[in-house]
Amino acid sequence: MTMAPSGSPPPSPSRMADFDLTPEQRQVRAAVREFAEREVLPFVEEHERAARYPSELIRKLVPLGYLAPVLPERFGGGGADVVTYGLICEELARVDWVVASVVSVTNSLVAGSLVRFGTAAQQERWLPGICDGSILTSACLTEPDGGSDLAAVRTRASRTAGGWSISGAKVFISHAAHAGLLLVAATVDPGKRHRGVTVFLVDPAADGVAISDLPMRTLRRDNLAEIHFDGTVVPDDAVLGEVGGGFPILGAALDMGRFSVAARCVGQAQRAIDLTAPYATEREAFGQPIGQFQMIQQKIADMCVRTEAARALVYRLGRMKDAGVERCSLEASMAKLAASEAATANALDAIQIHGGYGFSSDYEVGRLLLEAKTLEVGEGTSELHRKLIAEHALGVRR
Ligand SMILES: Cc1cc2nc3c(=O)[nH]c(=O)nc-3n(C[C@H](O)[C@H](O)[C@H](O)COP(=O)(O)OP(=O)(O)OC[C@H]3O[C@@H](n4cnc5c(N)ncnc54)[C@H](O)[C@@H]3O)c2cc1C
């Protein structure tokens, strides 16, 4: 994995953010930040205006080891620790939601599930291509009738000779139009609720898969898609894990997914600060920089504190995972809730401090708001995380 040359001072969002990272982790952060600002940031607005998926930027992640940092080295991944993975997500998301999302979906949701639950044959078939960037992936969970209640998936998998026939629809699927592998949640028996959920590895080129563009008000460069499966036949070895055993697979995937989404949110929250503090120093009103007004200072202080608080939760969660705690649902919910709400709140404050320019297409802060808000919805809404956290506190859930 590419690191900054030793001796160069790593740019850091704050002293607190870096003080207990290893020297290697600091170097990775510095290198990813430098790469993201040089190679990704200059193209984001242009891609958004043109609704253009950043394929060429994603390809640039591969030789640097940023596309598959936490996947096993034997398949071409980086074999990095979880905190380092979080730093990569944080720094990429600081400049671009979509490039960071590819890394997050790949490592946490799809390839991560293959590593945890795949057979040797499934791993050999898919992981080398995922690690070398030739196969992008999508996680297909959400359906038109609902995304929060995963036990209620309606996409149906029915037995055929030697395999399964899948029919149903998925919506809001990131990266699908560019994916070479779909991880699909379906049910083999809706009456069994979570015990019927089964995860399938589906080639999007298979017969009966129709992927269409889903028009969005934000993240047009993500090319979000709707997918219809119409009697798509897959072989038995397309089942990941056990038939009816999909729920724990999705649980483990989302557990890691919430870590990487939370790390991305910290990056987005940090970006709002990085754009706003210089603006408040330069912009003048009533004959003085607006940053000298206490009400502006209050907003900036709140932005900094909520970002550091979220970052502390995210890094702590990463360290728990590095220490071998396999499932950290409570801590993942806390980190994801705090970080996603910090990103949205910071974007709102950033717009307010920018005044009318907060809405100008010449300024980045306006774009940040809806992009941040999406992460209060994706990978578990804030309501679901509050529910889970409260149920732990009340002893309803363990
Ligand atoms: C930009 C973006 C990218 C996405 N990418 C993907 C992707 O790649 N793959 C994928 O599968 N999905 C993806 N999604 C979908 C996302 O995961 C879902 O939108 C999310 O899970 C919520 O599902 P829903 O939209 O159906 O809302 P619903 O489940 O219909 O919920 C609607 C509202 O009801 C609330 N609610 C539901 N249940 C409860 C409850 N028990 N208590 C309190 N409130 C409740 C929710 O919090 C929410 O506010 C993406 C979404 C966005 C915006």
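What you are looking at is a predicted structure, and each value in this text was computed from that prediction instead of being measured.

Engineer: Outline the overall build of the protein chain, supporting the account with residue identities and numerical values.
Structural biologist: The number of helices and strands found in the protein chain is 11 helices and 10 strands. For 398 residues, the compact-globule estimate of 2.2 N^0.38 gives 21 Å, and the C-alpha radius of gyration of the protein chain, at 21 Å, lies within 12% of that figure. Projected onto its principal axes, the C-alpha coordinates of the protein chain cover approximately 80 × 50 × 45 Å. Counting across all 398 residues of the protein chain, residues that qualify as buried make up 54%. Mean positive and mean negative side-chain charge positions of the protein chain (41 and 48 charges, respectively) differ by 4 Å.

Engineer: Can you break down the pattern of salt bridges residue by residue, with the values?
Structural biologist: All chains considered together, the criterion is met by 30 salt bridges. Between Lys387 and Glu391 there is a salt bridge, with the nearest N and O atoms lying 3.0 Å from each other. Here Glu391 and Lys387 lie together in helix H11 (residues 382-393), a separation of four residues that amounts to about one turn. Taking relative accessible area as the criterion, Lys387 reaches 44% and is therefore assigned partly exposed. On the basis of relative accessibility, which here comes to 17%, the residue Glu391 falls in the buried class. Salt bridges linked by common partners bring Glu45, Glu48, Asp96, Arg221, Arg271, Glu364, Arg367 and Glu371 together as one network.

Engineer: Report on the site of the ligand, specifying residues and quantitative values.
Structural biologist: Taken together, 21 residues sit near the ligand, with Thr142, Gly147, Ser148, Phe172 and Thr381 positioned nearest. Within the backbone of Ser174, one N or O atom sits 3.0 Å away from an oxygen atom of the ligand. Protein contacts shield 66% of the accessible area of the ligand, which totals 970 Å² for the unbound molecule. In terms of residue class, the shell around the ligand is built from 10 nonpolar, eight polar and three charged. Domain assignment of the residues forming the shell around the ligand places at least three in each of domain 2 (137-244) and domain 3 (247-393).

Engineer: Outline the packing of aromatic side chains, listing residues and values.
Structural biologist: As enumerated under the stated definition, the model contains five aromatic pairs in all. Aromatic side chains Trp164 and Phe200 sit 5.9 Å apart centroid to centroid with 65° between the ring planes, which places their arrangement in the edge-to-face category. With Trp164 in strand S3 (residues 163-173) and Phe200 in strand S5 (residues 197-202), the pair connects residues that are 36 residues apart, well separated along the chain. Both residues of the pair, Trp164 and Phe200, belong to the buried class. Ring geometry for Tyr357 versus Tyr363: centroids 5.2 Å apart, planes at 45°, classification tilted.

Engineer: So what about the confidence of the model for the protein chain? Which residues, and what values?
Structural biologist: Residues with a pLDDT of 70 or more make up 97% of the protein chain, whose mean pLDDT is 96. Taken as a whole, residues 6-10 scores under 50 in pLDDT and shows three contacts with residues more than four places along the chain or in a different chain.

Engineer: Give me the lowdown on helix H5 (residues 97-117), citing residues and values where you can.
Structural biologist: With 21 residues, H5 ought to run about 30 Å at 1.5 Å a step, and its terminal C-alpha atoms sit 28 Å apart, in line with that. At Ala111, H5 is bent by approximately 45°, the largest bend along its length. With respect to burial, H5 is a largely interior element, 18 of its 21 residues being buried. Of the residues that open H5, the one with a side-chain oxygen 3.2 Å from the backbone nitrogen of Val98 is Asp96.

Engineer: Lay out the nonpolar core with the relevant residues and their values.
Structural biologist: If you look at the biggest cluster of nonpolar residues, it comprises 53 residues, and the most contacted ones within it are Leu61, Tyr66, Leu92 and Val314. At the level of elements, helix H2 (23-50), helix H3 (55-64), helix H4 (82-95), H5, helix H7 (246-282), helix H8 (294-322) and helix H9 (329-354) are the ones that each hand at least two residues to this core. Judged by nonpolar contacts, the second largest core, of 28 residues, contains Cys131, Leu150, Val197 and Val199.

Engineer: Please set out the environment of Arg397 residue by residue, giving values where relevant.
Structural biologist: Following the sequence through the fold, Arg397 ends up in the segment after H11. Setting aside residues up to four positions removed in sequence, Arg397 forms contacts with Leu388, Glu391 and His392. For Arg397, the side chain forms a polar contact with the side chain of Glu391, separated by 3.0 Å.

Engineer: Please give an account of H2 that cites residues and values.
Structural biologist: Under the 1.5 Å per step criterion, the end-to-end length of H2 is 40 Å for 28 residues, consistent within 8% with the ideal 40 Å. Of all bends in H2, the biggest is about 45°, found at Val40, and the proline Pro42 comes one to four residues later. Residue Ala51 follows H2 closely and has a positive phi angle near 50°.

Engineer: So what about unusual backbone geometry? Which residues, and what values?
Structural biologist: With phi around 50°, Ala51 is a residue other than glycine that occupies positive phi space. Examined against the element boundaries, Ala51 turns out to sit in the loop between H2 and H3. Positive phi outside glycine occurs at Arg193, with the angle close to 50°. Note on placement: Arg193 falls in the loop between strand S4 (181-187) and S5.

Definitions and limits used
- Residues numbered from 1 in each chain as written.
- Predicted model: local features only at pLDDT ≥ 70, side-chain atom pairs only at ≥ 80, totals over all residues.
- Heavy atoms only, no water.
- Helix = DSSP H or I, 4+ residues; strand = E, 2+ residues; numbered from the N terminus.
- Rg over C-alpha atoms; globule rule 2.2 N^0.38 Å.
- Buried < 20%, exposed > 50% of the residue type's maximum accessible area, 1.4 Å probe, protein only.
- Lys, Arg positive; Asp, Glu negative; His and termini not counted.
- Charge placed at Lys NZ, Arg CZ, Asp CG, Glu CD.
- Salt bridge = Lys/Arg side-chain N within 4 Å of Asp/Glu carboxyl O.
- Near = heavy atom within 4 Å.
- Polar contact = N/O pair within 3.5 Å; in protein donor to acceptor, adjacent residues only side chain to side chain.
- Areas by Shrake-Rupley, 256 points an atom, 1.4 Å probe, with all protein chains shown as cover.
- Nonpolar A, V, L, I, M, F, W, Y, C, P; charged D, E, K, R; others polar.
- Domains from an automatic or database assignment.
- Phe/Tyr/Trp six-rings, centres within 6.5 Å; stacked < 30°, edge-to-face > 60°.
- pLDDT = per-residue confidence, 0-100.
- Contact = heavy atoms within 4.5 Å.
- Expected span 1.5 Å × (residues − 1).
- Bend = angle between axes of the 7 residues up to and from the residue.
- Core = buried A, V, L, I, M, F, W, Y, C linked by side-chain atoms within 4.5 Å.

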